[in-house]
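# A structural walkthrough
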Amino acid sequence: MWQSQSVQSLHNNKENTHRNDDRMLTLGMTSAISVAPPKPSDLAKTKELEESLKPFDVFETEQELNQRMLILGKLYNLVKEWIKEVSIKHNMPESVAENVGGKVYTFGSYRLGVHNKGADIDALCVAPRHINRSDFFTSFYELLSQHPEVTDLRAVEEAYVPVIKMNFGGIEIDMLFARLSLKEIPDSMDLRDDMLLKNLDQKCVRSLNGCRVTDEILRLVPNIENFRLALRAIKLWAKRHGIYSNALGYLGGVSWAMLVARTCQLYPNAASATLVHKFFLIFSKWQWPQPVLLKQPSNVNLGFAVWDPRVNVQDRYHLMPIITPAYPQQNSTFNVSISTRTIMMEEFKLGLHITDDIMLGKSSWDKLFEPPPFFLKYKHFIVLLAFAETSDDHLEWCGLVESKVRLLIGNLERNQFITLAHINPESFSMLESQKEPNTQCSMWFIGLEFAKTENLNVDLTRDIKMFTNTVTKHAVSIHMYKDGMRVEARHVRRKQLSQYLSPSFIKRERKSSISKSNGVTDSKKRHSSEAAGSDSDTPSKKSRLSEESSTHVSTFDESSNNSINNDSNSNFSGTESETSLSTNIVAPLPTNATAVQEAVCT
């Protein structure tokens, strides 16, 4: 009997292996490009990659992970206690109220297993049908406010996805709420069931979407550990290169996760180092706006809008669609603009160039994580300044201004003389010497590229006025505007940046530019000499998606100087005429929407 069971078990294992092989070949929308196992050199490169990430605090210690688990456990107990209390107030017998359940789910980077040290936790409170959203923002908020470990508590009930933000035991937590059409919420509840969305309101569906998408991504990747290390590397690279921000028109965390997941599907057995290299190979040659999909879209029809350019006209204008894998499918990158897509495509190509060298042993992983010197790339900038009188007002005001910056980028892109508007996601504090009394200020910089036209006259009055009016009117409409809040936009030439940035920062930028330029020049020479030789040293050429030669992107315009304070850099050269803008564009106050100082580039 035991022998027959062993034979049957062996047969079942072979069948499972065969099915798994078939599954790996057809993960996602297409078959895999390569199912080759990693070579020893790939594993060595992966180890080097992991070591190179450690100085950037992308890994937490066991103690820090345990602290997160402890805090989540306390939060879960609070939710259970609150749901029981609210249930009893709804005249439910205590014996029944104890069993209605309720659960806390996590999503985002923590759920994916790629969160950094000190990162926040995205959480979702799921409650049974007799618990209302109003209860969550009143009685549960009150319960949190009384907890000794909860600080910085604030509710954003009118947001697109309503949220309670808090610091719980030293950990930042953003908590959403969803009510299901169920009498009880068991601990074994799986949110992947599409039918759970039936009869839910839009806010509940949006709140559930984060968990459902995160879980689906993890289900669709062939090797979770390889996926996680590769995603950690890509997220760090994106942040260091200034292209990590959904609000500003770049990609957010879930979008980067889906791109890495798609790479994993195409190379299911590859080591993490290979996945990072293939990531740049795939997306430097991707034919946008062809969408990135991790699976065939669901045929579920519960009445919720899904991304479908065949039906929805507005979906046809999305520039870089990356579609979430859970119903209702959405484009996670609808904020991407022409400029931000151009910038990201340049970074993809440069990333491929660098990782080519890394895989050939001609460079180290540190090179991939070197930030580009943004302020030496452009001669002209628009500086956005957000002012407020108190810390709380400043935090709130900056959040609103930042959420609207992409509208200004859109306005600038529609100007026929502007070819690129590059927003730097990093916000800067104003220099102490420039600060106004009793005022706090944050700044964002937008690098501008102008069309090469003789006698260039650029009038940005309308572009700036539309933006400032939108920000202030929205602040008034949501009753957020307070005295002292204002937003300004100023034109700044490169030589004037010392008025806004510290000398030490400018020095680092210049030093980084020089070393980076030298590295690119040396690498170009190597690639030129190798082009005439044998292809035997080039890794996986046959698996490349295109026969095009790699595009190597230089870091700066060759006509630009490395010195920030060089006067010649602030003017156009050759066919470009000198361009100047007014240096102070003040947003209109809500009491006088027409009082806008004109800004003209002549």
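These numbers were taken from a predicted model, which means no experiment stands behind them.

## Brief notes about the pairing of strand β6 (residues 380–388)
On a regular strand, one side chain projects to one face of the sheet and the next to the other, so that they alternate. The element β6 is extensively covered by neighbouring structure, given that nine of its nine residues are classed as buried. Burial along β6 is two-sided: His380, Ile382, Leu384, Ala386 and Ala388 and Phe381, Val383, Leu385 and Phe387, pointing in opposite directions, are all buried. The pairing of β6 with strand β9 (residues 440–450) spans nine bridges and is antiparallel. Across the sheet, the residue bridging to Ile382 is Ile446, located in β9. Both β6 and strand β11 (residues 486–493) contribute to a ladder of eight bridges, which runs antiparallel. Looking at β11, one finds that Val383 is bridged to Arg490.

## With respect to the pattern of salt bridges
Per the stated rule, a full pass over the model turns up 22 salt bridges. Residue Arg486 is joined to Glu436 by a salt bridge in which the shortest nitrogen-to-oxygen separation is 2.6 Å. Of this pair, Arg486 sits in strand β11 while Glu436 sits in the loop between β8 (428–429) and β9, and the two are 50 residues apart along the sequence. The exposure class of Glu436 is partly exposed, given its relative accessible area of 31%. A single network of salt bridges, built from pairs that share partners, joins Glu436, Arg486, Glu488 and Arg490.

## What to know about helix α6 (residues 133–145)
Over its 13 residues, α6 extends 17 Å from the first C-alpha to the last, a length consistent with the 18 Å expected when each residue adds 1.5 Å. When α6 is considered as a whole, its buried residues turn out to be Arg133, Asp135, Phe136, Phe137, Phe140, Leu143 and Leu144. If you follow the buried residues of α6, they end up packed against α3 (62–89), β2 (121–127), β3 (150–156), β4 (163–168), β5 (171–179) and α7 (202–220).

## Concerning the side chain of His318
When you line up the elements, His318 lands in the loop between α10 (272–284) and α11 (338–359). Residue His318 is classed as buried on the basis of its relative accessible area, which comes to 18%. Among the polar contacts made by the side chain of His318, one reaches the side chain of Trp307 at a distance of 3.2 Å. Setting aside residues up to four positions removed in sequence, His318 forms contacts with Pro289, Trp307, Asn331 and Phe334.

## Side note on the UniProt feature "binding site: Mg(2+) 2" (unreviewed entry) in the chain
Following the UniProt record, the feature "binding site: Mg(2+) 2" (unreviewed entry) maps to Asp120, Asp122 and Asp174 here. Taking the farthest pair of C-alpha atoms as the criterion, the annotated set spanning 55 residues converges on one region, since that pair is 7.4 Å apart. With respect to the element layout, Asp120 can be found in the loop between α5 (108–112) and β2. Classification of Asp120 as partly exposed rests on a relative accessible area of 29%. Ignoring any residue separated from it by four or fewer positions in sequence, one finds Asp120 in contact with Arg68, Glu172 and Asp174. If you trace the backbone, Asp122 turns up in strand β2. Leaving out residues up to four positions away in the same chain, Asp122 has contacts with Tyr105, Thr106, Phe107, Gly108 and Asp174.

## A short note on the confidence of the model for the chain
On average, residues of the chain carry a pLDDT of 83, and 81% of them reach 70 or more. Taken together, the stretch residues 523–602 has pLDDT below 50 and engages in 164 contacts with residues farther than four places along the chain or on a different chain.

## A closer look at the nonpolar core
Counting residues in each nonpolar core, the largest one holds 111 residues, and the members touching the most others are Phe227, Trp237, Trp256 and Phe348. Setting aside chain neighbours within four positions, we find Trp256 in contact with Leu231, Ile234, Trp237, Ala238, Ile243, Tyr244, Leu251, Phe279 and Phe348. Counting residues in each nonpolar core, the second largest holds 30 residues, with Trp82, Val104, Phe140 and Ile171 among its members.

## Thoughts on empty space enclosed by the protein
Picture a little ball the size of a water molecule; that probe, rolled over the atoms, points out where space is still empty. Inspection of the entire model under this criterion finds one cavity of 30 Å³ or more. Considering only enclosed or pocket space, the largest cavity measures out at about 30 Å³ in volume. Taken together, Pro222, Asn223, Asn226, Phe227, Cys264, Tyr267, Pro268, Ala270 and Leu275 form the lining of the largest cavity. Split by residue class, the lining of the largest cavity holds seven nonpolar, two polar and no charged.

## Concerning the environment of Asn226
You can see Asn226 is positioned in helix α8 (residues 224–240). Through-space distance from the C-alpha of Asn226 to that of Ala271 is 6.2 Å; in sequence the pair is 45 residues apart. Among residues more than four places away in sequence, those in contact with Asn226 are Ala270, Ala271, Ser272 and Leu275.

## Quick word on α3
Here α3 contains 28 residues, and its C-alpha end-to-end distance of 41 Å stays within 8% of the 40 Å for a straight helix at 1.5 Å per residue. Just beyond α3, the residue with positive phi is Asn91, at close to 65°.

## Here's the deal with the packing of α8 against α10
Where α8 contacts α10, the two axes come as close as 8 Å, and the packing angle between them is 50°. As far as their axial angle goes, α10 and α8 are oblique. The interaxial crossing formed by α8 with α10 has right-handed handedness. Residues Glu225, Asn226, Leu229, Ala230, Ala233, Ile234 and Trp237 of α8 pack against Ser272, Leu275, Val276, Phe279 and Phe280 of α10. When the residues that make up the contact of α8 with α10 are grouped by side-chain class, the tally is nine nonpolar, two polar and one charged.

What counts as what
Residues numbered from 1 in each chain as written. Predicted model: local features only at pLDDT ≥ 70, side-chain atom pairs only at ≥ 80, totals over all residues. Heavy atoms only, no water. Buried < 20%, exposed > 50% of the residue type's maximum accessible area, 1.4 Å probe, protein only. Helix = DSSP H or I, 4+ residues; strand = E, 2+ residues; numbered from the N terminus. Pairing = 2+ DSSP bridges. Salt bridge = Lys/Arg side-chain N within 4 Å of Asp/Glu carboxyl O. Expected span 1.5 Å × (residues − 1). Contact = heavy atoms within 4.5 Å. Polar contact = N/O pair within 3.5 Å; in protein donor to acceptor, adjacent residues only side chain to side chain. UniProt positions renumbered as here; feature names shortened; annotations may be inferred. pLDDT = per-residue confidence, 0-100. Core = buried A, V, L, I, M, F, W, Y, C linked by side-chain atoms within 4.5 Å. 1 Å grid on protein atoms, 1.4 Å probe; cavity = no way out; pocket = protein on both sides within 12 Å on 5 of 7 lines; lining within 4 Å. Points joined across faces, edges and corners; volume = space filled by probe spheres on them. Nonpolar A, V, L, I, M, F, W, Y, C, P; charged D, E, K, R; others polar. Axes fitted to C-alpha atoms, helices over the stretch in contact; angles between N-to-C directions. Parallel < 35°, antiparallel > 145°, perpendicular 65-115°, else oblique. Left-handed = near helix turned anticlockwise from the far one by under 90°.

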